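# A structural walkthrough
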Amino acid sequence: AILEWSYVLQVTYTSAEVAWEAKMKLAQTEMLGKDAGITWASFRQVFGEDSQVGDVTLWMAAFKYLDTDSDGIILQSEFASGYRSYAYNATAALQSTLVLSQSMQIKYTTVVEAWASVQIYTTAEGCISWREWGTVCDRFSGGTVDSKGTFIYLDVDQDGCITEAEFETGYSLFLTTTTTFPYVLEPKGSENVAC
């Protein structure tokens, strides 16, 4: 629950501080001396979309996870730790994006064809939201790529949406005529050197 929530925050807000400010406006916050915090009563609204697993709702589990000092209030430092729970790995994201790019190029010979095939997933603004990106990745790669990592990698302007230009970058990343994946790099000057 917390990893998904952290991911959503990271694709929606550019930093933990920006996310905190937005969520504080959403919550009915209580002033705690000079600090403000999010209470148990207001966290459900801050958490957003919720579901239940057994007898536990995910917002409750997330609150208990974030409230590290168990005082019933999530302070900014606790919130920031939760924000960073989803650890974006740029190298792994690049590798997943290369696999995705190759898969797109196998199915569609041009980026125009590939983009047209995902139009049903675009928003009114003509881009693909993080909510739909997983479906798009599954469509091209059969679920073999990290959709979260590829989304963050391609969403260069960090607006929470993959534009047609960002999609084109992903499509073009793997050059089928000149590159193979995974890369195997040999040290320079290692050609048949006698010892």
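Look a little higher up for the structure.
Residues numbered from 1 in each chain as written. Predicted model: local features only at pLDDT ≥ 70, side-chain atom pairs only at ≥ 80, totals over all residues. Heavy atoms only, no water.

A separate point is the nonpolar core. Counting 22 residues, the largest nonpolar core has Val118, Ile128, Trp133, Phe140 and Phe167 as the members making the most contacts within it. Of all elements in the fold, only helix 1 (2–12), helix 6 (90–107), helix 7 (111–117), helix 8 (130–141), helix 9 (147–154) and helix 10 (164–172) reach the threshold of two or more residues within this core. Ranked by the residues each element gives to this core, the list is headed by helix 8, at five residues. The residues touching phenylalanine 167, leaving out its near neighbours within four places in the chain, are Met104, Val111, Ala114, Trp115, Val118, Ile128, Trp133, Phe140 and Ile162. Counting residues in each nonpolar core, the second largest holds 21 residues, with Trp5, Ala27, Leu66 and Ala80 among its members. (Core = buried A, V, L, I, M, F, W, Y, C linked by side-chain atoms within 4.5 Å. Buried < 20%, exposed > 50% of the residue type's maximum accessible area, 1.4 Å probe, protein only. Helix = DSSP H or I, 4+ residues; strand = E, 2+ residues; numbered from the N terminus. Contact = heavy atoms within 4.5 Å.)

As for its placement among the helices and strands, leucine 58 is situated in helix 4 (residues 58–66). Note: C-alpha distance between leucine 58 and phenylalanine 47 (11 residues apart in sequence) is 8.8 Å.

Following the sequence through the fold, tyrosine 171 ends up in helix 10. Along the chain, tyrosine 171 and tyrosine 108 lie 63 residues apart, while their C-alpha atoms are 9.6 Å from each other. Setting aside residues no more than four positions away along its own chain, tyrosine 171 makes contact with Ser101, Met104, Gln105, Tyr108, Thr109, Thr110, Val111 and Ala114.

A few words now on the layout of surface pockets. Taken as a whole, the second largest pocket holds about 180 Å³ of empty space. Contributing to the lining of the second largest pocket are Gln10, Val11, Tyr13, Thr14, Tyr83, Tyr88, Phe151, Ile152, Tyr153, Asp155, Val156 and Gln158. Of all the secondary-structure elements, those providing two or more residues to the lining of the second largest pocket are helix 1 and helix 9. Broken down by class, the residue content of the lining of the second largest pocket amounts to eight nonpolar, three polar and one charged. (1 Å grid on protein atoms, 1.4 Å probe; cavity = no way out; pocket = protein on both sides within 12 Å on 5 of 7 lines; lining within 4 Å. Points joined across faces, edges and corners; volume = space filled by probe spheres on them. Nonpolar A, V, L, I, M, F, W, Y, C, P; charged D, E, K, R; others polar.)

Attention shifts here to the packing of helix 8 against helix 9. In contact at an axis separation of 9 Å, helix 8 and helix 9 are set at 115° when each is read in the N-to-C sense. When the axes of helix 8 and helix 9 are compared, the crossing they make is right-handed. Contact residues: helix 8 offers Trp130, Trp133, Gly134 and Cys137, while helix 9 offers Ser147, Thr150, Phe151 and Leu154. Of the residues contributing to the contact of helix 8 with helix 9, the split by class is five nonpolar, three polar and no charged. (Axes fitted to C-alpha atoms, helices over the stretch in contact; angles between N-to-C directions. Left-handed = near helix turned anticlockwise from the far one by under 90°.)

Positive phi outside glycine occurs at serine 70, with the angle close to 55°. Here serine 70 is to be found in the loop between helix 4 and strand 5 (73–75).

Further remarks concern the packing of helix 2 (residues 16–26) against helix 5 (residues 76–83). Two elements in contact, helix 2 and helix 5, have axes whose closest approach is 9 Å; the angle formed by their N-to-C orientations is 120°. Our classification of the angle between helix 2 and helix 5 gives oblique. Note that helix 2 runs across helix 5; the crossing there is right-handed. In this structure, helix 2 contributes Ala16, Glu17, Ala19, Trp20 and Lys23 to the contact, and helix 5 contributes Gln76, Phe79, Ala80 and Tyr83. (Parallel < 35°, antiparallel > 145°, perpendicular 65-115°, else oblique.)

Here we come to the side chain of threonine 150. With respect to the helices and strands, threonine 150 occurs in helix 9. Setting aside residues up to four positions removed in sequence, threonine 150 forms contacts with Ala93, Ser96, Thr97, Leu100, Trp133 and Cys137.

Now for the state of the cysteines. In protein structure, a disulfide is the covalent linkage between the sulfur atoms of two cysteines. Using the criterion set out here, one finds one disulfide in the structure. For cysteine 127, the disulfide goes to cysteine 161, at an S-S distance of 1.8 Å. On the sign convention where negative is left-handed, the bridge of cysteine 127 and cysteine 161, at about 85° about the S-S bond, is right-handed. Taken as a pair, cysteine 127 in the loop between helix 7 and strand 6 (128–129) and cysteine 161 in strand 7 (residues 161–162) lie far apart in primary sequence, 34 residues in all. Residue cysteine 127 is classed as buried on the basis of its relative accessible area of 7%. Residue cysteine 161 is classed as buried on the basis of its relative accessible area, which comes to 7%. (Disulfide = S-S within 2.5 Å.)

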